[in-house]
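# Architecture and fold: a report
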Amino acid sequence: MPDHSHHARRLREIADALDTESHPNNDALTPHPDTLDIIRNRHTKRGQLNYAVPEVLQLQRRIRRYNADTDIPHGDIVALALDTWLRAKGYLPGLAPTKRETP
């Protein structure tokens, strides 16, 4: 009888990944509840994220302005925006590309 345990393991991984996805709602920009919990936790380890972006988009100015209006820290604004966008594109946190198993 063939060993299908690797298929069962992969199905469990997929099911776990689907459990981490947020349930769709009417607002695609609503952050995932897990992301909000992480952002609210001030003990969360943080890392620097530096990328050159087009100046014409005025992202830094817009982030500063949004921060002034909402008191949400700059890093949290960036984290929420990127996490929401990446989740919408199917890139969930904690998921690495799977390696093909050799029989």
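Residues numbered from 1 in each chain as written. Predicted model: local features only at pLDDT ≥ 70, side-chain atom pairs only at ≥ 80, totals over all residues. Heavy atoms only, no water.

## Let's talk about the overall build of the protein
- When you go through the protein residue by residue, the secondary structure sums to four helices and zero strands.
- When the elements of the protein are put in sequence order from the N terminus, they spell out α-α-α-α.
- A buried classification covers 11% of the 103 residues belonging to the protein.
- For the protein, restricting intrachain contacts to residue pairs at least 6 apart in sequence, the fraction spanning at least 24 positions comes to 60%.
- In the structure as shown, the protein presents an accessible area of about 9,400 Å², 57% of it carried by carbon and sulfur atoms. (Helix = DSSP H or I, 4+ residues; strand = E, 2+ residues; numbered from the N terminus. Buried < 20%, exposed > 50% of the residue type's maximum accessible area, 1.4 Å probe, protein only. Contact = heavy atoms within 4.5 Å. Areas by Shrake-Rupley, 256 points an atom, 1.4 Å probe, with all protein chains shown as cover.)

## Some details on the layout of surface pockets
- As a volume, the largest pocket reaches approximately 1,500 Å³.
- Contributing to the lining of the largest pocket are 39 residues, with Leu 49, Gly 75, Val 78, Ala 79 and Leu 82 lying nearest its centre.
- For the lining of the largest pocket, the secondary structure elements donating two or more residues are helix H2 (33–40), helix H3 (59–70) and helix H4 (74–88).
- Here the element with the most residues in the lining of the largest pocket is H4; it accounts for 11 residues.
- Tallied by class, residues from the lining of the largest pocket come to 19 nonpolar, 11 polar and nine charged. (1 Å grid on protein atoms, 1.4 Å probe; cavity = no way out; pocket = protein on both sides within 12 Å on 5 of 7 lines; lining within 4 Å. Points joined across faces, edges and corners; volume = space filled by probe spheres on them. Nonpolar A, V, L, I, M, F, W, Y, C, P; charged D, E, K, R; others polar.)

## Brief notes about the pattern of salt bridges
- Considering all chains together, one arrives at five salt bridges under this definition.
- Of the charged contacts, one joins Asp 37 and Arg 40 as a salt bridge, the two residues approaching to 3.5 Å between their closest N and O atoms. Here Asp 37 and its partner Arg 40 are both found in helix H2, three residues apart, which amounts to about one turn of the helix.
- Residue Asp 37 is classed as partly exposed on the basis of its relative accessible area, which comes to 48%. (Salt bridge = Lys/Arg side-chain N within 4 Å of Asp/Glu carboxyl O.)

## Here we look at a nonpolar patch on the surface
- Residues Leu 49, Tyr 51, Val 53, Val 56, Leu 57, Leu 59, Leu 82, Trp 85, Leu 86 and Tyr 91 make up a contiguous nonpolar surface patch of roughly 1,100 Å² in combined accessible area.
- Looking at which element gives the most residues to the nonpolar patch, the answer is H4, with three residues.
- Position of Leu 57 relative to the elements: it lies in the loop between H2 and H3. (Patch = residues over 30% accessible without salt bridge, like charges linked within 9 Å, V, L, I, M, F, W, Y side chains within 5 Å.)

## Comments concerning the side chain of His 32
- Structurally, His 32 can be placed in the loop between helix H1 (5–20) and H2.
- Exposure remark for His 32: the relative accessible area of 6% places this residue in the buried category.
- In this structure the side chain of His 32 is engaged in a polar contact, spanning 2.9 Å, whose partner is the backbone nitrogen of Asp 34. (Polar contact = N/O pair within 3.5 Å; in protein donor to acceptor, adjacent residues only side chain to side chain.)

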